[in-house]
Amino acid sequence: GLHQPLHQAFSNMQEPKIRRKHGSTRKDGKLVDPKTERRLAQNREAARKSRLRKKAYVQQLETGRIRLQQIEQELQRGRSQGLLTGGCSAPGEMSSAAVMFDMEYARWLDEDNKYMAEIQGALQAQVLDANLSTIVEDCMRHHDELFHLRAVLARSDVFHLMTGMWATQSERCFLWMAGFRPSEILKMLIPQLDPSTEQQLLGMCNLQQSSEQAEEALEQGLKQLHQSLADAVGAGPLNDGADVANYTGLMALALDRLDNLESFYREADNLRQQTLHHMRRILTTRQTARCFVSLGEYHRRLRALSSIWASRPRENFMMPENVSSTATEFQAIHHQPQQNQFSGL
């Protein structure tokens, strides 16, 4: 009779533990609460997506390598048949480094669109900061990869980088030293940071100011290089084409100047890369994610503008009547006496 109540009391003590066990998940012999389990599941899903991206990237690299070999073979056949002659002005005469970069940049843009969609989805779903941080760091590495691709191109074919032929027409209008101008991007992003602390705003404004100073120094250096190169090419008489020795000496001097061109464009990319990383240290994870979304949307709009411009209707290339009348009015104003042109000011 005494053992039965003790047994019942012991059983009653065990029931709450059994209920708690059903309310949680067991893993590796330990009880894990549902919140932790959800976080672990999100981490596993993020790791799975990262592995899939890496696998797809390796496959794209292999496809790009095969395509590059095919292009080089086609170029070689064209040269052997005399179809391609002269300098690099013909489209088929792009260097192998330029062809490879264009292919890799197209692949990078596709990946960037996926990253932007993933970040937007994470922001809308209000995922945990730890999971959002994983996506943001992946996005940072994604941009670091582009800077690496650009550095490789600068060493091999700096002219292809600086001409911006890898970008759309609208994007080329805003290129600064073959890329975005850091201070202008910061100026555009700062209003997107609300809410932000006073310290963050001060840090971003200081970063914008230091970027402007670095940009000005690079511009001055590049201007001096251009002048030095022009002096080298234009040195001496320009009508002595028969003077081979003089010509060879001038070209050697000009090539020596051109060797410095790569360093300026690499320094510009270093400034862009450092600006992004410094911005990451100033802002929170969610603010950085919103900045990446804003940056991606900005360039997406520029690319869309190029597409719209290219597909605009141009019927018979005729000038509309209102444009003709406006041009006539402008000509009439232009021929008025100069003192009347600014009478309203």
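What comes next concerns the included structure.

About the cut-offs
Residues numbered from 1 in each chain as written. Predicted model: local features only at pLDDT ≥ 70, side-chain atom pairs only at ≥ 80, totals over all residues. Heavy atoms only, no water. Axes fitted to C-alpha atoms, helices over the stretch in contact; angles between N-to-C directions. Helix = DSSP H or I, 4+ residues; strand = E, 2+ residues; numbered from the N terminus. Parallel < 35°, antiparallel > 145°, perpendicular 65-115°, else oblique. Left-handed = near helix turned anticlockwise from the far one by under 90°. Contact = heavy atoms within 4.5 Å. Nonpolar A, V, L, I, M, F, W, Y, C, P; charged D, E, K, R; others polar. Phe/Tyr/Trp six-rings, centres within 6.5 Å; stacked < 30°, edge-to-face > 60°. Buried < 20%, exposed > 50% of the residue type's maximum accessible area, 1.4 Å probe, protein only. Lys NZ or Arg CZ within 6 Å of the ring centre and 35° of its normal. Salt bridge = Lys/Arg side-chain N within 4 Å of Asp/Glu carboxyl O. Expected span 1.5 Å × (residues − 1). Core = buried A, V, L, I, M, F, W, Y, C linked by side-chain atoms within 4.5 Å.

Axes are the key here: two packed helices are described by the angle between their axes and the distance separating the axes. Packing of helix H6 (residues 182-189) against helix H10 (residues 285-310) leaves a shortest axis separation of 10 Å and a crossing angle of 115 degrees. On the basis of the axis angle, H6 is roughly perpendicular to H10. The interaxial crossing formed by H6 with H10 has right-handed handedness. The segment H6 lies against H10, with Ile185, Met188 and Leu189 engaging Cys291, Ser294, Leu295 and Tyr298. Looking at side-chain class alone, the contact of H6 with H10 contains six nonpolar, one polar and no charged residues.

Enumeration over the complete set of coordinates arrives at four aromatic pairs. Seen in terms of ring centroids, Phe101 and Trp166 are 6.1 Å apart; in terms of plane orientation they differ by 80 degrees. Their pairing is edge-to-face. Of this pair, Phe101 sits in helix H3 (residues 96-124) while Trp166 sits in the loop between helix H4 (129-163) and helix H5 (169-173); the two residues are 65 residues apart in sequence, bridging distant segments of the chain. Classification of Phe101 as buried rests on a relative accessible area of 4%. Residue Trp166 is classed as buried on the basis of its relative accessible area of 13%. Summarising the aromatic geometry, the rings of Tyr105 and Trp108 are spaced 6.2 Å apart at their centres and angled 5 degrees between planes, so their arrangement reads as stacked. Pair noted here: Tyr105 and Trp108 are both in helix H3, with a separation of three residues, about one helical turn. Summarising the burial analysis for this pair, Tyr105 and Trp108 share the class buried. These aromatic residues form a ring-pair network of at least three members: Phe101, Tyr105, Trp108 and Trp166. A cation over a ring is seen here: Arg272 above Phe180, with NZ or CZ 5.9 Å from the ring centre.

Within the secondary structure, Glu111 sits in helix H3. By relative accessible area, which is 5% here, Glu111 ends up buried. Among residues more than four places away in sequence, those in contact with Glu111 are Arg53, Gln60 and His142.

Attention shifts here to the pattern of salt bridges. According to the stated counting rule, one finds 16 salt bridges in the structure shown. A salt bridge links Arg300 to Glu297; the shortest N-O distance between them is 2.8 Å. Placement of the pair is Arg300 and Glu297 together in helix H10, with a separation of three residues, close to one helical turn. Here Glu297 ties to Arg301 by a salt bridge, and the two come within 2.9 Å at their closest N and O atoms.

Further remarks concern H3. In an α-helix, one full turn covers 3.6 residues, which means residues spaced three or four apart are oriented alike. Over its 29 residues, H3 extends 42 Å from the first C-alpha to the last, a length consistent with the 42 Å expected when each residue adds 1.5 Å. Taken from the residues just after H3, Gln126 is the one with a positive phi, measuring 55 degrees.

So, about the nonpolar core. Formed by 29 residues in total, the largest nonpolar core has its most connected members in Ile119, Leu132, Met204, Met279, Leu283 and Phe292. Mapped by element, the contributors of at least two residues to this core are H3, H4, H6, helix H7 (198-233), helix H9 (261-282) and H10. Among the elements that line this core, the one with the most residues is H4, at six residues. In this structure, Leu283 is in contact with Leu193, Gln200, Met204, Thr288 and Cys291, ignoring residues within four places of it in sequence.

It is worth spelling out the environment of Leu222 at this point. Locating Leu222 in the fold gives a position in helix H7. Residue classification places Leu222 among the buried positions, given a relative accessible area of 9%. Separated by 41 residues in sequence, Leu222 and Ser263 have C-alpha atoms that sit 10.0 Å apart. Setting aside its immediate chain neighbours within four residues, Leu222 contacts Met177, Leu261, Phe264 and Tyr265.

Each neighbour pair has its own omega, and for Asp194 with Pro195 the value is 0 degrees, a cis peptide bond. As for its placement among the helices and strands, Pro195 is situated in the loop between H6 and H7. The residue Gln126 is not glycine, and still its phi comes out positive at about 55 degrees. In this structure, Gln126 sits in the loop between H3 and H4. Residues other than glycine seldom take positive phi values, yet Ala178 does so here, at roughly 70 degrees. Positionally, Ala178 belongs in the loop between H5 and H6.

Read these as layout, nothing more, since geometry by itself doesn't imply function.
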